[in-house]
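If you want the building blocks of each chain, they are given just below.
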Amino acid sequence: MDWTIFGITLAYGIMFLLLYTRRQQWNSNIVRWSITALLFIIGLVGWLGYFNVVHEDFHFFSWCIMTPFFYNMLDLSFKMISERVNKRDFYLWLRFSDDIDDSFRGINLHVGALDILFSLILIFAIFFLPVLESLLCS
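All values derive from a computational prediction rather than experimental measurement.

## Re the overall build of the protein
- Scanning the protein from N- to C-terminus turns up four helices and zero strands.
- What you see in the protein, going N to C, is helices and strands ordered as α-α-α-α.
- Looking at the protein as a whole, 37% of its 138 residues qualify as buried.
- Surface accessibility of the protein: about 8,400 Å² in total, with carbon and sulfur atoms responsible for 69%.

Take a look at the structure:
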């Protein structure tokens, strides 16, 4: 089994699922924190070397399954900031989001600068969090 591909796929899949379903009813704080905390604990145990897996990519896999927890903390922080500033949760300003009109020449006057900034930071965080460990530790 290639632990690197599996870890990156799992991390990206969970983070994109949490991002694009953030306003759906099943995606409550309890579900989000349960999933990400469980993955973080399993990943931390593996990252610290308590599992007896003799594979050089398992350390990276463990980091990857810890990253949805960090993404969730960032998303919650942005939600709290937006609720203080705009008195609402921020609108996800990304393609295929239910919060915007993403058609050609779609007009989204309800989307503010803070919504755009938070959306872009979250999408960059999703792409760079899993590979951050390999960039810092290499």
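Moving on, there is more to tell.
## Some remarks on a nonpolar patch on the surface
- A cluster of nonpolar side chains, Trp93, Leu120, Phe124, Phe127 and Phe128, forms an exposed patch at the surface whose accessible area comes to about 490 Å².
- Mapped onto the secondary structure, Phe128 falls in helix 4 (residues 113–137).

## Concerning the packing of aromatic side chains
- Taken as a whole, this structure holds 16 aromatic pairs when the rule is applied.
- The rings of Trp33, Phe40, Trp47, Trp63, Phe69 and Phe70 are connected pair by pair, giving a single aromatic cluster.

## Some points on the pattern of salt bridges
- Overall, the coordinates contain four salt bridges when judged by the stated rule.
- Taking the shortest distance from any N to any O, the salt bridge between Arg22 and Asp89 comes out at 3.1 Å. Placement of the pair is Arg22 in the loop between helix 1 (3–20) and helix 2 (29–47) and Asp89 in the loop between helix 3 (58–86) and helix 4, with a sequence separation of 67 residues. Like Arg22, the residue Asp89 is buried in the burial classification.
- The salt bridge partner of Arg32 is Asp75, with a shortest N-O separation of 2.6 Å. Here Asp75 lies in helix 3 and Arg32 lies in helix 2, a separation of 43 residues in the sequence.

## Some points on helix 2
- For helix 2, spanning 19 residues, the distance from its first C-alpha to its last is 26 Å, which sits close to the expected 27 Å at 1.5 Å a residue.
- Three or more residues of helix 2 are buried, namely Arg32, Thr36, Leu39, Phe40, Gly43 and Gly46. Projected down its long axis, helix 2 carries its buried residues within an arc of 130°, all on one side. Along helix 2, exposed side chains directed more than 90 degrees from the buried face belong to Ile30, Leu38 and Ile41.
- Buried residues along helix 2 sit against helix 1 and helix 3.
- Positioned one or two residues after helix 2, Gly49 has a phi angle of 90°, which is positive.

Parameters at a glance
- Residues numbered from 1 in each chain as written.
- Predicted model: local features only at pLDDT ≥ 70, side-chain atom pairs only at ≥ 80, totals over all residues.
- Heavy atoms only, no water.
- Helix = DSSP H or I, 4+ residues; strand = E, 2+ residues; numbered from the N terminus.
- Buried < 20%, exposed > 50% of the residue type's maximum accessible area, 1.4 Å probe, protein only.
- Areas by Shrake-Rupley, 256 points an atom, 1.4 Å probe, with all protein chains shown as cover.
- Patch = residues over 30% accessible without salt bridge, like charges linked within 9 Å, V, L, I, M, F, W, Y side chains within 5 Å.
- Salt bridge = Lys/Arg side-chain N within 4 Å of Asp/Glu carboxyl O.
- Phe/Tyr/Trp six-rings, centres within 6.5 Å; stacked < 30°, edge-to-face > 60°.
- Expected span 1.5 Å × (residues − 1).
- Arc of directions from axis to C-beta.
- Contact = heavy atoms within 4.5 Å.

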